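Coordinates in review
Residue-level listing of the chains:
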There are 2 protein chains.
Amino acid sequence: MTTPTAKPAGPSRVGRKRDHSRDPEILEAALDVLAEVGYEGMTVDMVATRAKAGKATLYRRWPSKAELVIDAIACMKQHPGPGQGQVFLPPDTGTLRGDLVAMVKPKAVSDSNRHLRIMLGVASMISAHPELLEAINDIMLRPRASAYQTVFQRAIERGEIEDGVDVELMSSLGPAMGMFRALYHQKAPSRESMLRLIDHVILPAVGLSAPVESAHE
Amino acid sequence: MTTPTAKPAGPSRVGRKRDHSRDPEILEAALDVLAEVGYEGMTVDMVATRAKAGKATLYRRWPSKAELVIDAIACMKQHPGPGQGQVFLPPDTGTLRGDLVAMVKPKAVSDSNRHLRIMLGVASMISAHPELLEAINDIMLRPRASAYQTVFQRAIERGEIEDGVDVELMSSLGPAMGMFRALYHQKAPSRESMLRLIDHVILPAVGLSAPVESAHE
DNA sequence: TTGTTCCGGAACTGATGAGTCTCGTATATG
DNA sequence: CATATACGAGACTCATCAGTTCCGGAACAA
């Protein structure tokens with residue numbers, strides 16, 4: 001059973017090395033296609049073509065289309081896309097409303113839009129792949145949830161709102177409305193609709209009133 | 001060009017008649033499969049088998065899989081399923097909270113659950129088939145919206161809440177949270193979560209407070 | 001009765017796409 | 001240089017599924 005050529009103990013050390021610097025481009029291409037046509041409409045050829053790679057190259061790195069997609073979603077946090085840093089870290093503006101408004105910067109909104117389209121693309125996969133839901137939660141939900149957590153905690157500490165506010169419930173309102181608009185009305189969650197949600201729903205729910213002059217910003 | 005046999009002016013009058021009493025069963029089977037595996041995972045064979053019909057019978061009545069699905073969704077309101085009447089008509093309980101709570105009866109919740117699963121099943125089709133979105137809105141959104149409209153209007157008329165409340169925004173909160181829970185947490189929108197939404201979000205947003213004793217019901 | 005159309009069932013066709021393999025080339029080890 | 005692997009590109013296999021056609025039988029019209 002000692003066949004040194006058939007089953008090398010250590011991984012092969014000979015030959016050209018796999019160029020892992022291409023991984024991010026391939027995964028990014030996969031996310032693009034996913035956002036555009038959804039998981040079922042996406043073909044491995046589309047991804048390979050967009051990444052200017054061979055299909056065999058993809059299959060050398062990921063065992064199946066499903067694994068590729070799961071990895072692409074799982075890697076979103078490490079490669080958040082071109083020019084996007086940490087979008088959700090909340091600046092301390094001194095008021096709850098200021099913090100909430102700062103969280104719906106145009107950049108954050110367009111980022112959410114992409115997340116949303118990717119999410120809808122894999123919606124049908126989720127029940128069959130629980131690890132996918134985990135990854136999605138890690139990337140799309142928990143960062144926002146923790147940002148909201150921080151914002152509300154600050155408001156509690158400065159005495160602006162009372163303790164005992166259901167932070168989890170408040171934090172879901174934004175994402176839920178965004179998804180709802182995206183699916184039912186086929187339009188991106190706009191900054192305007194999010195401001196309306198903040199002033200007419202979230203702030204009253206925590207015992208604050210919207211500014212009387214709700215003109216702009 | 002007068003070929004009476006090739007192109008009869010009136011529809012054929014000879015032979016066995018199409019048994020349209022089977023249509024509802026077929027459409028119902030299509031909705032079942034749709035809710036279970038989504039549009040892309042659904043095959044015409046599955047629908048035919050479940051309806052105990054031949055695939056040819058289906059194609060004799062609908063020109064394509066897409067048309068079948070669109071028709072199935074469009075016909076939901078006429079055939080709301082076994083034992084389900086008009087679920088959303090709001091009883092007048094005398095208070096806004098009473099009306100809202102009455103709208104999340106277990107029957108209505110389970111009904112919404114099925115609607116939700118069907119909706120997620122066709123999510124990927126919607127951008128390619130605008131008429132599908134129309135039908136979905138007719139069946140799943142507008143009945144609920146008009147029910148909310150009535151409930152809030154009654155509250156305004158009895159002076160319980162002030163005029164000028166953003167009824168549309170308030171009405172989307174329930175469906176949006178239901179969808180969000182269904183997709184992200186993979187669990188049905190429960191009656192309990194809806195009650196939490198009513199007491200902690202909707203009522204405060206319209207200027208009312210939840211009952212101090214929020215024990216049960 | 002006879003001709004026509006429907007029925008459920010099943011075989012068939014054609015397209016599509018996941019996954020594999022081959023080719024010529026590039027890049028690594030020894 | 002010789003060997004071994006990765007690369008992009010594309011041909012290939014094989015399974016699945018939309019849509020069609022055929023079958024034996026039933027329903028309906030003339």
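Residues numbered from 1 in each chain as written. Chains lettered and ligands numbered in written order. Predicted model: local features only at pLDDT ≥ 70, side-chain atom pairs only at ≥ 80, totals over all residues. Heavy atoms only, no water.

**A closer look at the overall build of chain A**
In terms of helices and strands, chain A carries nine helices and zero strands. Traced from its N-terminal end to its C-terminal end, chain A shows the element sequence α-α-α-α-α-α-α-α-α. Taking all 217 residues of chain A together, the buried fraction comes to 47%. In chain A, once contacts between residues fewer than 6 apart in sequence are set aside, the share between residues at least 24 apart is 68%. A total of about 11300 Å² of accessible surface is found on chain A, and carbon and sulfur atoms cover 54% of it. (Helix = DSSP H or I, 4+ residues; strand = E, 2+ residues; numbered from the N terminus. Buried < 20%, exposed > 50% of the residue type's maximum accessible area, 1.4 Å probe, protein only. Contact = heavy atoms within 4.5 Å. Areas by Shrake-Rupley, 256 points an atom, 1.4 Å probe, with all protein chains shown as cover.)

**Some words on helix H8 (residues 167-184) of chain B**
An α-helical segment advances 3.6 residues per turn. Residues three or four places apart therefore align on the same side. All names here are of chain B. The first and last C-alpha atoms of H8 sit 26 Å apart over 18 residues, in line with the 26 Å expected at 1.5 Å per residue. A bend of about 30° at Leu173 is the largest found in H8, and the proline Pro175 appears one to four places after it. The element H8 is extensively covered by neighbouring structure, given that 17 of its 18 residues are classed as buried. Following H8 by one or two positions, Gln186 adopts a phi angle in the positive range, close to 55°. (Expected span 1.5 Å × (residues − 1). Bend = angle between axes of the 7 residues up to and from the residue.)

**What to know about the protein's contact with DNA strand D**
Taken together, 27 residues surround DNA strand D, and among them Arg22, Thr57 and Arg61 of chain A together with Lys17 and Lys55 of chain B come closest. In the interface set of DNA strand D, defined as its atoms within 4 Å of the protein, sugar plus phosphate atoms amount to 66%. Separating a phosphate oxygen of DNA strand D from a backbone N or O atom of Asp19 of chain A is a distance of 3.3 Å. Separating a phosphate oxygen of DNA strand D from a backbone N or O atom of Lys65 of chain B is a distance of 2.9 Å. Looking at the surface near DNA strand D, the elements that each hand over two or more residues are helix H3 (55-61) of chain A together with helix H3 (55-61) of chain B. Here the residues of the surface near DNA strand D are counted per class, giving seven nonpolar, seven polar and 13 charged. (Near = heavy atom within 4 Å. Polar contact = N/O pair within 3.5 Å; in protein donor to acceptor, adjacent residues only side chain to side chain. Nonpolar A, V, L, I, M, F, W, Y, C, P; charged D, E, K, R; others polar.)

**Brief notes about the UniProt feature "DNA-binding region" (unreviewed entry) in chain A**
The residues that UniProt annotates with the feature "DNA-binding region" (unreviewed entry) are residues 43-62 of chain A. The span residues 43-62 of chain A shows a helical share of 70% and a strand share of 0%, and its end C-alpha atoms are spaced 14 Å apart. (UniProt positions renumbered as here; feature names shortened; annotations may be inferred.)

**Comments concerning the protein's contact with DNA strand C**
Close to DNA strand C lie 27 residues; Lys55 of chain A together with Arg22, Thr57, Arg60 and Arg61 of chain B are nearest. Contacts to DNA strand C include Arg16 of chain B, whose side-chain N or O atom sits 3.0 Å from a base oxygen. Here Thr57 of chain B contributes a side-chain N or O atom positioned 2.3 Å from a phosphate oxygen of DNA strand C. Looking at the surface near DNA strand C, the elements with two or more residues in it are H3 of chain A together with H3 of chain B. If one sorts the elements of the surface near DNA strand C by residue count, H3 of chain B sits on top with four residues.

**Side note on the nonpolar core**
The nonpolar side chains of soluble globular proteins are, as a tendency, buried together. Ranked by size, the top nonpolar core spans 150 residues in total, and within it Ile73 and Leu173 of chain A together with Ile73 and Leu173 of chain B carry the most contacts. Those residues within four positions of Leu173 of chain B in sequence are excluded, and the remaining contacts are Leu173, Met177, Leu197 and Val201 of chain A together with Leu197, Val201 and Ile202 of chain B. (Core = buried A, V, L, I, M, F, W, Y, C linked by side-chain atoms within 4.5 Å.)

**Looking at the relation of the copies chain A and chain B**
Under the fitted operation, chain A is carried onto chain B by 0.0 Å of movement along the axis and a turn of 180°, and the coordinates agree to an RMSD of 0.1 Å. A rotation of that kind, with that shift, is consistent with a two-fold axis. Take the interface residues of chain A: 100% of them recur as interface residues in chain B, which is what a same-surface contact looks like. (Least-squares fit on C-alpha atoms with pLDDT ≥ 70 in both.)

**A few points about the side chain of Arg144 of chain A**
With respect to the secondary-structure elements, Arg144 of chain A resides in helix H7 (residues 130-157). Beyond its immediate chain neighbours, meaning those up to four positions away, Arg144 of chain A contacts Phe88, Met103, Ser112, His115 and Pro175 of chain A.

**Concerning the interface of chain A and chain B**
Counting residues at the interface gives 31 residues for chain A and 31 residues for chain B. For the chain A and chain B pair, buried surface summed over both sides reaches about 3000 Å², with 77% attributable to carbon and sulfur atoms. If you look at where chain A meets chain B, you find two salt bridges. Across the pair Arg196 of chain B and Asp166 of chain A runs a salt bridge whose closest N-O atoms are separated by 2.5 Å. Counting across the interface, chain A meets chain B through two residue pairs in polar contact (both at pLDDT 80 or more). (Buried area = accessible area lost by both parts, 1.4 Å probe. Salt bridge = Lys/Arg side-chain N within 4 Å of Asp/Glu carboxyl O.)

**Quick notes on the packing of aromatic side chains**
Residue and element names in this part refer to chain A. For the structure shown, the criterion picks out four aromatic pairs over all chains. On the basis of an interplanar angle of 55° and a centroid distance of 4.8 Å, the ring pair of Phe180 and Tyr184 is categorised as tilted. Placement of the pair is Phe180 and Tyr184 together in helix H8 (residues 167-184), with a separation of four residues, close to one helical turn. Over the aromatic face of Tyr39 sits the side chain of Lys65, whose NZ or CZ is 4.3 Å from the ring centroid. (Phe/Tyr/Trp six-rings, centres within 6.5 Å; stacked < 30°, edge-to-face > 60°. Lys NZ or Arg CZ within 6 Å of the ring centre and 35° of its normal.)

**Some remarks on the pattern of salt bridges**
Residue and element names in this part refer to chain A. Considering all chains together, one arrives at 28 salt bridges over all chains under this definition. The partner of Arg158 in a salt bridge is Asp92, and the shortest N-O contact between them spans 3.3 Å. Remark: Asp92 occurs in the loop between helix H4 (65-74) and helix H5 (96-102) and Arg158 occurs in the loop between H7 and H8; sequence separation between them is 66 residues. Classification of Arg158 by relative accessible area gives partly exposed; the value is 32%. For Asp92, a relative accessible area of 51% corresponds to the exposed category. Linked by salt bridges that have partners in common, Asp92, Asp99, Arg154, Arg158 and Glu160 make up one network.

**Here we look at the packing of H8 of chain A against helix H9 (residues 191-205) of chain B**
Where H8 of chain A contacts H9 of chain B, the two axes come as close as 11 Å, and the packing angle between them is 90°. Classed by the angle they form, the pair H8 of chain A and H9 of chain B counts as roughly perpendicular. Two secondary-structure elements touch here, H8 of chain A through Leu169, Met170 and Leu173 of chain A and H9 of chain B through Arg196, Leu197, His200 and Val201 of chain B. Classifying every residue of the contact of H8 of chain A with H9 of chain B gives five nonpolar, one polar and one charged. (Axes fitted to C-alpha atoms, helices over the stretch in contact; angles between N-to-C directions. Parallel < 35°, antiparallel > 145°, perpendicular 65-115°, else oblique.)

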